[in-house]
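Understanding the architecture of this molecule
Below are the chains, spelled out letter by letter.
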Amino acid sequence: MNGVPASTQPLKSNSLQIRFPKFLRWGMKMSDSSIVLSLPDQPREFGFFVDGSWSPIESREVFERFSPGHGVPVTRIPKCTDADLDAAVNAARKAFDDRRWSGLSGADRAAVLLKAAEGVRTRAEEIAYWETLENGKPISQARAEVGGCVGMFEYASGLARSLHGDSFNNLGDGMFGVVTREPVGVVGVITPWNFPFLILCERIPYILAAGCTIVAKPSEVTSATTLILAEILHDAGLPAGVLNVVTGSGSTIGQGLIEHEQVDMLSFTGSTAVGRRVVEASGKSNFKKLGLELGGKNPQIVFADADLEDAADGVAFGIGFNTGQCCVSGSRLIVERTVAEKFASMVAEKFRKVRVGDPLDERTQVGAITTDAQNTTIMGYIEKGRAEGATLIHGGEQLDFGHGQYIAPTLFGNVTSEMTIAREEIFGPVLTVMPFDTLEEAVAIANDTEYGLAASVWTKNIDKALVVTRRVQAGRFWINTTLSGGPELPIGGFKQSGWGREAGIYGVEEYTQVKSVHIEIGKRTPWVA
Ligand code: NAD
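None of these values were measured; they are calculated from a predicted model.

Quick notes on the rules
- Residues numbered from 1 in each chain as written.
- Predicted model: local features only at pLDDT ≥ 70, side-chain atom pairs only at ≥ 80, totals over all residues.
- Heavy atoms only, no water.
- Helix = DSSP H or I, 4+ residues; strand = E, 2+ residues; numbered from the N terminus.
- Buried < 20%, exposed > 50% of the residue type's maximum accessible area, 1.4 Å probe, protein only.
- Polar contact = N/O pair within 3.5 Å; in protein donor to acceptor, adjacent residues only side chain to side chain.
- Pairing = 2+ DSSP bridges.
- Right-handed = clockwise from strand over helix to strand, strands pointing away.
- UniProt positions renumbered as here; feature names shortened; annotations may be inferred.
- 1 Å grid on protein atoms, 1.4 Å probe; cavity = no way out; pocket = protein on both sides within 12 Å on 5 of 7 lines; lining within 4 Å.
- Points joined across faces, edges and corners; volume = space filled by probe spheres on them.
- Nonpolar A, V, L, I, M, F, W, Y, C, P; charged D, E, K, R; others polar.
- Domains from an automatic or database assignment.
- Axes fitted to C-alpha atoms, helices over the stretch in contact; angles between N-to-C directions.
- Contact = heavy atoms within 4.5 Å.

**Overview of the environment of S271**
Within the fold, S271 resides in the loop between β14 (265-269) and α9 (272-284). Of the residues examined, S271 reaches a relative accessible area of 35% and is grouped as partly exposed. With 21 residues separating them in the primary sequence, S271 and L292 have C-alpha atoms 9.5 Å apart. A distance of 3.3 Å separates the side chain of S271 from the backbone nitrogen of V274, its partner in a polar contact.

If you want it as structure tokens, here you go:
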């Protein structure tokens, strides 16, 4: 069966079965059983979604995705052609220009977004299952992420109603000024493979709330849940052409989208290297407005007066979550020298206890590395760390479960600021430790990077926490916590971590343009006598 709509595909996520856990917890006996979801009997096949209808794979080439945790084929996705991309952009253009979405009231747009929130809630288990299969993240984490996405739609529905401009009643008796916000137009949305559904939902509801139309291109290795969302929005009453999803590689469909003259804005989330190409393509085409969410090399600053037990747990979570494949992973531990050795041992102890293994096992905390290429990249950095003289305190090896690709949470000590592992984004479960003596030194080390995405500080001294928060250049900051978030708080980076903000009211405003309207009151003062 080729390219049928997502809803007609068999759903495997309800087929729970009990089997022995296939994970490794260092220092723990693997005697207890747990709930592990079954693998699908056959890969699920998807079409792509343009102008309110599904197109089958037909003669198009196909991406066959193998689960990184199990090494078996799980999905088949079409490689769209240039003509498919044009059809998607034209559908979005037409849907924007005829105002079928932007011309609705905020209340009507909110109603669709609320129905979509309900649709995501209803299909949460299905979404989490396919997300886990394609990405390799633990099923419990995928479920939590999908739960968070419901909130994104609900929050954005309120913003659709409350979005407003400004007025100036202080321009004298002859003039009244109004500032309106208008949707920016057709928005291309390109997303990466690390949080395929979450990152999508940090953008799509807000873009729709603003009144824009969309052409989305997910990562070629994790397209399934974007296609499921298209179906949910369609079922929620989103008019045809307002959301279109094309699938394909970055170098073909992605490049075509960023160069397209009919796309007014591009929201790109991914590597800084591709982000540069997006900027170039905008300059060479129609100067489309850009939102860029790029890489990070995020500091975790730990003062000696912190609750060290909390901090060690938070630091381990900050780099272990999503196998460190987060743009906001806390990958640089900067710790006060007086407690540095003790604290590194505490983090290593947490790493020892973390459950790494089968992503379909409900108790797994750290799953598989998402792609072969990323696995090679991470192991290459670990090798480089050793070669450049850092001390391996924990991990550093590939874990063999007989299938899939797994890397043990890894901790390096004796790291200096010149080392490659201290400078480059590894995008894996690798943490480097650097000591500091003064607050000024901690801030200097934290800012010694081309990135500025996120940072955390751990201290019980509010003055220190606030001084560090003010001085460290990062778009997201956490005090005595890490990697928390929600629909209200904006996301985005300083420096080479990107431009613009997603989520919150800022995330809707990002997808609007401001228009100032000057209104003359009464008789005009003549220019020509
Ligand atoms: P990537 O840049 O390789 O790919 C991201 C997306 O861009 C994919 O959909 C890909 O197909 C597409 N793409 C690739 N080449 C393209 C091109 N020439 N033109 C247009 N599109 C193209 O990134 P990735 O490997 O999928 O993700 C990892 C990177 O993403 C890391 O650097 C990470 O820090 C970053 N990231 C950032 C954030 C954030 O919010 N700041 C979030 C997640 C990931």
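Past the structure itself, the notes keep going.
**Quick word on the pairing of strand β15 (residues 289-293)**
Of all 5 residues that make up β15, 4 are buried, and the element is covered over most of its length. Summarising the sheet, β14 and β15 pair through 5 bridges and their orientation is parallel. Residue pairing for β15: F268 is matched across the bridge by L292. In this view, the connection linking β14 to its parallel neighbour β15 by way of α9 has right-handed handedness. Examined bridge by bridge, β15 and strand β28 (residues 498-499) share 2 bridges and lie antiparallel to one another. Note that in β28 the partner of E293 across the bridge is G498.

**Thoughts on the UniProt feature "domain: Aldehyde dehydrogenase" (unreviewed entry) in the protein**
If you check UniProt for "domain: Aldehyde dehydrogenase" (unreviewed entry), the listed places come out as residues 57-517 in our numbering. Helix makes up 42% of residues 57-517 and strand 21%, whereas the separation of the span's terminal C-alpha atoms amounts to 48 Å.

**Side note on the layout of surface pockets**
Roughly 840 Å³ of internal volume is contained in the largest pocket. W193, F268, G270, S271 and V274 are the residues nearest the centre of the largest pocket, which is lined by 35 residues in total. Listing elements by their share of the lining of the largest pocket, those giving two or more residues are α8 (250-259), β14, α9 and α12 (372-387). Partitioning the lining of the largest pocket into residue classes produces 16 nonpolar, 14 polar and 5 charged. Each of domain 1 (49-293) and domain 2 (299-479) gives at least three residues to the lining of the largest pocket. In this model, the second largest pocket occupies a volume close to 530 Å³. Considering the residues around the second largest pocket, the lining is formed by 27 residues, among which F195, L198, E202, R476 and L483 are closest to the centre. Taken together, the elements giving at least two residues each to the lining of the second largest pocket come down to α4 (139-162), α5 (196-201) and β26 (476-479).

**Details of unusual backbone geometry**
The phi dihedral of F287 falls on the positive side, at around 55°, and the residue is not glycine. Note that F287 resides in the loop between α9 and β15. If you check the backbone angles, F427 has positive phi at about 60° while not being a glycine. You can see F427 is positioned in the loop between α13 (420-423) and β23 (430-436).

**Notes on the sheet that holds strand β22 (residues 410-413)**
Strand order in this open sheet of 7 strands is β19-β22-β23-β17-β16-β25-β26, and the pairing throughout is mixed. Sheet topology places β19 (391-394) and β26 at the edges, where each strand pairs with a single neighbour. Within the sheet, the average angular offset between the axes of one strand and its neighbour, ignoring direction, is 25°. Pairing analysis gives 4 bridges linking strand β16 (residues 299-302) to strand β17 (residues 332-336), with the strands arranged parallel. Within β17, the residue paired with Q300 across the bridge is L333. Helix-sheet contacts for helix α10 (residues 308-320) involve β16, β17, β23 and β25 (454-458), and the interaxial angle to β16 is about 170°. Packed on one face of the sheet, helix α14 (residues 439-447) meets β16, β17 and β23 and runs near 145° to β23.

**Digging into the pairing of strand β8 (residues 73-78)**
If a strand is regular, its side chains alternate between the two faces of the sheet. Of the strand pairs in this sheet, strand β4 (residues 44-45) and β8 are connected by 2 bridges, and their pairing is parallel. If you follow R44 over to β8, its bridge partner there is T75. Counting the residues that bridge the hairpin from strand β7 (residues 62-66) to β8 gives 6 residues, and of these G71 lies at a positive phi of roughly 75°.

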